[in-house]
Structure formats: C-alpha cells, structure tokens
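An overview of the molecular structure
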Amino acid sequence: MKSDVVITIGRQYGSGGRLIGKAVSEKLGIPFYDKELIDLAAKECGYSPEFIKANEQRSTFGFLSNLAAQGFSYSKDTLPPADTLFIAQCKVIQDIADKGACVIVGRCADYILRDRADALHVFIRSDLAPAIKRVTEDYGVPADQAETEIKRINKSRAAHCRRYTDRIWGACENYSMMLDSSLFGVDGCARVILAAVGEAFGQ
C-alpha cells in the first residue's frame, strides 16, 4: 500500500523504534531515514559523518529553534558545531518531507515538521526489562552496563529536545500517538501505526 503521509518516530533507547519505523516504511513502500540523515546533514553543513555521529545529540550550546524557523540562515564559521549541525539537520528533514511520503526516526523531526497537515508523529516507549534485553542482544551493550546506558542515552535525547525545541521529550501533547513496544512488540506497533495511517489519511 502506498501513502502520502510523513511519519516521524521518536523513541526511547532500546524500544525498537528504528525497527518499527523500518517495518512501517517497508509496508507502505516509502523511504526510510534514520542514520541516512547523518550523511545528508554532513553534505549540508560540511562536517564529516564521523563528527556528526559523535556530536549530534550533544546539546551544550544555545537554543536555536527561532533561528531554525527563520529560514535556517547560518554560517558554520560563526556558530558552535552542535548548533550548526542542528540547523543542517532541520533543513535536511524539511527537504526530505517536501519530496513526499517517508518515515523519519528521531532528530526532533516531530518538532521540525509540527505544522505539516500530512504528518503523523509517533513516540515509542518500552519498559526497562525488554529495553535491556534488546540493547544487550541487538546492540551488544554489556549486560552490567545496559541499564546505565539506556538511562544515559534517554537523558541525552531529552536534553537535546529541550535545548533545541523547548519541548519535553516524550510528552504526549507533542505526538499524534504513543505506543508501548513492551506491550505490542515491534510488529504490533507497526500494525497499529499502519491502521492509524489508514484512519487519519484514508490510505
């Protein structure tokens, strides 16, 4: 089935959000963007993909949502790297959405595309035990470090969101729907999202 909708997926670390987004994109036959955004942002701002991977959620600099809303005018020679990177990712995400239907994972896409009538914004959460199981089995995080790593990354994502959007990460008012992958599983969450697309956009 084809779709004209842009789907953004915010997710807790270890919730399977990326797998859910990938499953939805495959079912709908639309492009999927997660780590692919790193290479696109690198081209936009001139930093290496390796630098972006290391710095894309280090929110140690100023609040830029107003600047981002004013046409993304910036110079990478006058802004701190983290700010330059955020603005570049904003532009990349808007350009991708303007091209047509897609699934975009993370990177404050729900905020960046908040005014689009054709967007469905989803947040995926998980109980701790299933998240620990996923990060140890799928991501190779040592079992004795998994809980600490989950809390660290979630805290980093929340701080990044607050710094650049002035929103609370994971707050229900920021999303069209919220799903618990520890209850529904990856496939179940994907099916619910597909059903929501059908209900909301008549697909």
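In this report, we go over the structure that sits alongside the text. Small disclaimer: the values here were computed from a predicted structure and weren't measured.

Right, let's get into helix α9 (residues 181–201). Over its 21 residues, α9 extends only 23 Å from the first C-alpha to the last, a length that falls short of the 30 Å expected when each residue adds 1.5 Å. At D187, α9 shows its largest kink, close to 75 degrees. The secondary structure elements touched by the buried residues of α9 are β1 (6–11), α1 (17–28), β4 (119–125), α7 (128–137) and β5 (177–180). Backbone geometry just downstream of α9 places G202 in the positive-phi region, at approximately 65 degrees.

Here the focus is α1. With 12 residues, α1 ought to run about 16 Å at 1.5 Å a step, and its terminal C-alpha atoms sit 16 Å apart, in line with that. Among the residues making up α1, those that are buried are G17, I20, G21, A23, V24, S25 and L28. Positive phi shows up at G29, right after α1, with a value of about 70 degrees.

With that settled, consider the pairing of β4. Sheet faces and side chains relate simply in a regular strand, where the side chains alternate between the two faces. Across the 7 residues of β4, 6 count as buried, placing the element largely inside the fold. As paired strands, β1 and β4 are joined by 6 bridges and run parallel to one another. Its bridge partner lying in β4, T8 is registered against H121.

So, on to unusual backbone geometry. Here the phi dihedral of C108 falls at roughly 60 degrees; this positive angle occurs in a residue that is not glycine. Residue placement: C108 occurs in the loop between β3 (102–105) and α6 (109–112). The class of C108 is buried, set by a relative accessible area of 9%. Residues other than glycine seldom take positive phi values, yet D166 does so here, at roughly 60 degrees. With respect to the secondary-structure elements, D166 resides in the loop between α8 (146–165) and β5. Assessed through its relative accessible area of 52%, D166 is described here as exposed.

All chains considered together, the criterion is met by 12 salt bridges. One salt bridge connects D34 with R107, and the closest N-O pair in it is separated by 2.8 Å. Of this pair, D34 sits in the loop between β2 (32–33) and α2 (36–45) while R107 sits in the loop between β3 and α6, and the two are 73 residues apart along the sequence. Residue classification places D34 among the buried residues on the basis of a relative accessible area of 4%. In this structure, the salt-bridge partner of K133 is E137, at a minimum N-O distance of 3.1 Å. Here E137 and K133 lie together in helix α7, a separation of 4 residues that amounts to about one turn. The exposure class of E137 is exposed, given its relative accessible area of 54%.

Calculation rules
- Residues numbered from 1 in each chain as written.
- Predicted model: local features only at pLDDT ≥ 70, side-chain atom pairs only at ≥ 80, totals over all residues.
- Heavy atoms only, no water.
- Helix = DSSP H or I, 4+ residues; strand = E, 2+ residues; numbered from the N terminus.
- Expected span 1.5 Å × (residues − 1).
- Bend = angle between axes of the 7 residues up to and from the residue.
- Contact = heavy atoms within 4.5 Å.
- Buried < 20%, exposed > 50% of the residue type's maximum accessible area, 1.4 Å probe, protein only.
- Pairing = 2+ DSSP bridges.
- Salt bridge = Lys/Arg side-chain N within 4 Å of Asp/Glu carboxyl O.

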